[in-house]
There are 2 protein chains.
Amino acid sequence: MRTAYHEQLDALTNRLAEMCGLAGVAMERATQALLQADLPLAEQVITDHDQIATLSARAEEDAFVLLALQAPVAGDLRAVVSSIQIVADVDRMGALALHVAKIARRRHPQPALPEEVNGYFAEMGRVAVDLGHSAQEVLLTKDPEKAARIREDDDAMDDLHRHLFTVLMDRDWKHGVAAAVDVTLLGRFYERFADHAVEVARRVIFQVTGHNPDEEQLPAAR
Amino acid sequence: MRTAYHEQLDALTNRLAEMCGLAGVAMERATQALLQADLPLAEQVITDHDQIATLSARAEEDAFVLLALQAPVAGDLRAVVSSIQIVADVDRMGALALHVAKIARRRHPQPALPEEVNGYFAEMGRVAVDLGHSAQEVLLTKDPEKAARIREDDDAMDDLHRHLFTVLMDRDWKHGVAAAVDVTLLGRFYERFADHAVEVARRVIFQVTGHNPDEEQLPAAR
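All figures in this text were calculated on a predicted structure; none of them were measured in a lab. (Residues numbered from 1 in each chain as written. Chains lettered and ligands numbered in written order. Predicted model: local features only at pLDDT ≥ 70, side-chain atom pairs only at ≥ 80, totals over all residues. Heavy atoms only, no water.)

A few points about the overall build of chain A
Line of reasoning, step 1. Secondary structure summary: chain A contains six helices and zero strands in total.
Line of reasoning, step 2. Of the regular secondary structure in chain A, the N- to C-terminal order runs α-α-α-α-α-α.
Line of reasoning, step 3. Taken over C-alpha atoms, the radius of gyration comes to 19 Å for chain A, in line with the 17 Å a tight globule of 222 residues would show.
Line of reasoning, step 4. Overall size of chain A, expressed as C-alpha extent along the three principal axes, is 65 × 40 × 20 Å.
Line of reasoning, step 5. Within the span of chain A, comprising 222 residues, buried residues form 54% of the whole.
Line of reasoning, step 6. Restricting the contact set of chain A to residue pairs at least 6 apart, pairs at least 24 apart contribute 81%.
Line of reasoning, step 7. Split by element, the accessible area of chain A, about 9600 Å² in all, is 50% carbon and sulfur.
Line of reasoning, step 8. Positive and negative side-chain charges of chain A, numbering 23 and 36 respectively, have mean locations separated by a distance of 3 Å. (Helix = DSSP H or I, 4+ residues; strand = E, 2+ residues; numbered from the N terminus. Rg over C-alpha atoms; globule rule 2.2 N^0.38 Å. Buried < 20%, exposed > 50% of the residue type's maximum accessible area, 1.4 Å probe, protein only. Contact = heavy atoms within 4.5 Å. Areas by Shrake-Rupley, 256 points an atom, 1.4 Å probe, with all protein chains shown as cover. Lys, Arg positive; Asp, Glu negative; His and termini not counted. Charge placed at Lys NZ, Arg CZ, Asp CG, Glu CD.)

As structure tokens, this is what we get:
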């Protein structure tokens, strides 16, 4: 039989998963806005950000009520404590998508990115969206196998980020300092988005298995 | 009479304050390492970072044990939940100081910064250290008045950050793209350090007064 505790914890987990989904969609749209200098789409991401902030506040409150009314112990308590920590990570994922959208808006009608690095950001966007989905899946299924996919995506993001810096540092960079500053910040936003998705998965797996995933398997967020 | 709950909560708060202090010292040393291309000092910050990570894990565990054994309710429960969230912010402050130290180390024996922006970073470092101290004070005293100082420092950091970008974007920037990338990332690290200190104060004040400080008084972290 389902207890009130489990029902409330499931509701909280579903809310976290919903936030992850919204953060993924926000990053997908922000990336498109960035690549296509699409102002309405950038503004949609900026407006929609309120939803994530609202869900975030609600999830914190849900966790608090759960602790107050159910006074869970042992593993059940760990699950709620993890949820409180996960809220902060997913909230940040949403904020990073917002930052990307704001750069797209600030540079409009110019594209924020030099043509030369569009491909990197298209790919970083794809990987970020994938990470959002994977974190959502790990939250819902708590499956350590699925966490492995997060590791691959995070490695892919690191590679892209490294290559992007190689392009930036090249003596042939012709796009000036302002574009380099934007590209540096944007690259950092995608990398941090990935770090937070990794952190969500790490916390879920820790909560289920009682130990941190091997550093080899799932690198800690930087 | 002091209850076991209050003793344990005080111990947890003291640990958080200690972490804040260490993060402040780390940022102070990292800034000095950056400005003076001081490799041993950069390496000390990198080595000492383990302390913050260890305290962070202990603080999380303390909070968990407190919830498990004392099952606090109402305001007492809010205090512990806040502490769990504050751990993540202070942990991040330490990580940002670490990032600054790593850039100082990477560029050694060259200074990472062009002479022209040294003054900005000296000042951003001073403000960051001040913010670390203020967050520590707010944690220990829970005094909303002291939180006002955090707001001033955060405004000062924003101003410095804005001016730094003006220097970067100036057509007269002669230091190339690589230096611009470093300055962009470093500026971001100091700004985020300030954001997390603000967030710590915001959470403490929320926990004490039951409502968020007025946006006018204490801006939310970006």
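So, next bit.
A look at the relation of the copies chain B and chain A
One copy of the chain maps onto the other through a rotation about an axis plus a displacement along that axis.
Line of reasoning, step 1. In the superposition of chain B on chain A (RMSD 0.0 Å, axial shift 0.0 Å), the rotation amounts to 180 degrees. In symmetry terms, the pair is related by a two-fold rotation axis.
Line of reasoning, step 2. Mapped onto chain A, 100% of the interface residues of chain B again fall at the interface, so both copies present the same surface. (Least-squares fit on C-alpha atoms with pLDDT ≥ 70 in both.)

A closer look at the interface of chain B and chain A
Line of reasoning, step 1. If you look at the interface, chain B gives 29 residues, while chain A gives 29 residues.
Line of reasoning, step 2. In total, chain B and chain A occlude about 2700 Å² of area from one another, counting both sides; carbon and sulfur atoms represent 71% of this.
Line of reasoning, step 3. Among the residues of chain B in contact with chain A, B:F64, B:V177 and B:R188 are the three that bury the most area, contributing 20% of the side total.
Line of reasoning, step 4. At the boundary of chain B and chain A, one finds four salt bridges.
Line of reasoning, step 5. Note that B:E60 and A:R203 form a salt bridge whose closest N and O atoms lie 3.8 Å from each other.
Line of reasoning, step 6. Our count for the contact surface shared by chain B and chain A stands at four residue pairs in polar contact (both at pLDDT 80 or more).
Line of reasoning, step 7. When residues of the side of chain B that touches chain A are traced back to their parent elements, those giving at least two are helix 2 (39–70), helix 3 (74–107), helix 5 (144–169) and helix 6 (176–209) of chain B. (Buried area = accessible area lost by both parts, 1.4 Å probe. Salt bridge = Lys/Arg side-chain N within 4 Å of Asp/Glu carboxyl O. Polar contact = N/O pair within 3.5 Å; in protein donor to acceptor, adjacent residues only side chain to side chain.)

Regarding the environment of B:V198
Line of reasoning, step 1. Relative to the helices and strands, B:V198 is located in helix 6.
Line of reasoning, step 2. For the pair formed by B:V198 and B:S134, sequence separation is 64 residues and the distance between their alpha carbons is 9.3 Å.

Thoughts on unusual backbone geometry
Residue and element names in this part refer to chain A.
Line of reasoning, step 1. Each neighbour pair has its own omega, and for H108 with P109 the value is 5 degrees, a cis peptide bond.
Line of reasoning, step 2. Along the chain, P109 falls in the loop between helix 3 (74–107) and helix 4 (115–141).
Line of reasoning, step 3. In the Ramachandran plot, A37 falls in the positive-phi region, its phi being about 45 degrees despite a non-glycine side chain.
Line of reasoning, step 4. Assignment of secondary structure puts A37 in the loop between helix 1 (4–36) and helix 2 (39–70).
Line of reasoning, step 5. When its relative accessible area of 19% is taken as the criterion, A37 is described as buried.

Description of the nonpolar core
Line of reasoning, step 1. In terms of nonpolar packing, the biggest core is built from 152 residues, with A:F121 and B:F121 touching the most fellow members.
Line of reasoning, step 2. Dropping the residues within four chain positions of it, A:F121 is found in contact with A:T31, A:L34, A:L35, A:L113, A:L164, A:V183, A:L186, A:G187 and A:Y190. (Core = buried A, V, L, I, M, F, W, Y, C linked by side-chain atoms within 4.5 Å.)

Considerations on the environment of B:A197
Residues and elements named next belong to chain B.
Line of reasoning, step 1. When you line up the elements, A197 lands in helix 6.
Line of reasoning, step 2. Under the relative-accessibility criterion, A197 is labelled buried at 0%.
Line of reasoning, step 3. Placed 61 residues apart in sequence, A197 and Q136 show a C-alpha to C-alpha distance of 8.9 Å.
Line of reasoning, step 4. Excluding anything up to four places from it in sequence, A197 contacts M93, L131, A135 and I150.

Structural notes on the side chain of A:N118
Residue and element names in this part refer to chain A.
Line of reasoning, step 1. With respect to the secondary-structure elements, N118 resides in helix 4.
Line of reasoning, step 2. Residue class for N118 comes out buried when judged on its relative accessible area of 19%.
Line of reasoning, step 3. Setting aside residues no more than four positions away along its own chain, N118 makes contact with L35 and L113.

Brief notes about the packing of helix 3 of chain B against helix 6 of chain B
Between two packed helices, the angle of one axis relative to the other and the distance separating the axes together describe the packing.
All names here are of chain B.
Line of reasoning, step 1. Closest axis-to-axis distance for the helix 3/helix 6 pair is 9 Å, and the angle between their directions is 165 degrees. Between helix 3 and helix 6, the crossing angle belongs to the class labelled roughly antiparallel. In this structure, helix 3 crosses over helix 6, and the sense of that crossing is left-handed.
Line of reasoning, step 2. Of the residues in the contact of helix 3 with helix 6, the class split is 15 nonpolar, five polar and eight charged. (Axes fitted to C-alpha atoms, helices over the stretch in contact; angles between N-to-C directions. Parallel < 35°, antiparallel > 145°, perpendicular 65-115°, else oblique. Left-handed = near helix turned anticlockwise from the far one by under 90°. Nonpolar A, V, L, I, M, F, W, Y, C, P; charged D, E, K, R; others polar.)

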